[in-house]
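# Survey of secondary and tertiary structure
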Amino acid sequence: LQQGMIILIYLLSSREWRMLAEVALARGIVVAFCVFAPWYHGMLLRFGRSWWNELFGTEQFRRLTIGEQKQAKGTWEYYLQQVGYGTFPWIAFLPAALIRVVRIGFAKERDGQDRARLFVGVWFAATLLLFTLTITKYHHYILPAIPPAIILAALFLDDLIEKRIS
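Quick look at the structure, then.

About the thresholds
Residues numbered from 1 in each chain as written. Predicted model: local features only at pLDDT ≥ 70, side-chain atom pairs only at ≥ 80, totals over all residues. Heavy atoms only, no water. Helix = DSSP H or I, 4+ residues; strand = E, 2+ residues; numbered from the N terminus. Buried < 20%, exposed > 50% of the residue type's maximum accessible area, 1.4 Å probe, protein only. Expected span 1.5 Å × (residues − 1). Polar contact = N/O pair within 3.5 Å; in protein donor to acceptor, adjacent residues only side chain to side chain. 1 Å grid on protein atoms, 1.4 Å probe; cavity = no way out; pocket = protein on both sides within 12 Å on 5 of 7 lines; lining within 4 Å. Points joined across faces, edges and corners; volume = space filled by probe spheres on them. Nonpolar A, V, L, I, M, F, W, Y, C, P; charged D, E, K, R; others polar. Axes fitted to C-alpha atoms, helices over the stretch in contact; angles between N-to-C directions. Parallel < 35°, antiparallel > 145°, perpendicular 65-115°, else oblique. Contact = heavy atoms within 4.5 Å.

## Re the overall build of the protein chain
A tally of helices and strands in the protein chain yields 7 helices and 0 strands. Scanning the protein chain from its N terminus toward the C terminus, one meets helices and strands in the order α-α-α-α-α-α-α. Reported as C-alpha extents along the three principal axes, the dimensions of the protein chain are approximately 60 × 45 × 20 Å. A total of 166 residues make up the protein chain; the buried ones form 30% of that total.

What follows is the structure in structure tokens.
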């Protein structure tokens, strides 16, 4: 779900709809099914319907919408703090890197590096948004946002070193 959301937001922000014509969707669905189906099948055989209800009822839907535990609730800035802890000391470069990504998003033309930066920026923002909107908040939920944050900071530092930013 998260990956689909990231791709959709990227397509909306980049306006590069022609990419959809190049996607091997049928092959991707077959590969995805071959990867995840054995685990779901095995868990259903072993634990039955109760596992399905726990996974999607409690672990996904309930934690997202109403909160599952009282001690695991927070406000929207909770994950901003966690990103800061998780990316220290590189967090210092993240705001400037994100501003650069926003500028790339509004650019008329982009090269391959710009598209990559935009995708990583969307990956970070969409992941942060998803978990910020989740009612139940645990510090480890934000872990999927740390790699794109570090990648953005690294790309920004590389641009500074190579003097591609004035």
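## Points about helix H6 (residues 112–133)
In a regular helix each residue adds 1.5 Å, so 22 residues correspond to 32 Å; H6 covers 31 Å between its end C-alpha atoms and thus fits that length. Of the positions making up H6, those classed as buried are Asp 114, Arg 117, Leu 118, Val 120, Gly 121, Val 122, Phe 124, Ala 126, Thr 127, Leu 128, Phe 131 and Thr 132. Backbone nitrogen of Gln 113 and a side-chain oxygen of the N-cap are separated by 3.2 Å at the start of H6; the cap is Asp 111.

## Some points on empty space enclosed by the protein
Tallying each qualifying case throughout the model produces 1 cavity of 30 Å³ or more. Looking at the largest cavity, its volume works out to about 40 Å³. Taken together, the elements giving at least two residues each to the lining of the largest cavity come down to helix H5 (94–106) and helix H7 (146–161). Sort the elements by how many residues they give to the lining of the largest cavity and H7 lands first, with 4 residues. Here the residues of the lining of the largest cavity sort into 5 nonpolar, no polar and 3 charged.

## Focus on the packing of helix H2 (residues 25–47) against helix H3 (residues 49–65)
Packed helices, taken two at a time, are described by the angle their axes make and the gap between the axes. At their nearest, the axes of H2 and H3 sit 6 Å apart, and the two run at 125° to each other. When the axes of H2 and H3 are compared, the pair comes out oblique. Residues Trp 39, Tyr 40, Met 43, Leu 44 and Phe 47 of H2 touch H3, and the partners they reach there are Arg 49, Ser 50, Trp 51, Trp 52, Leu 55 and Phe 56.

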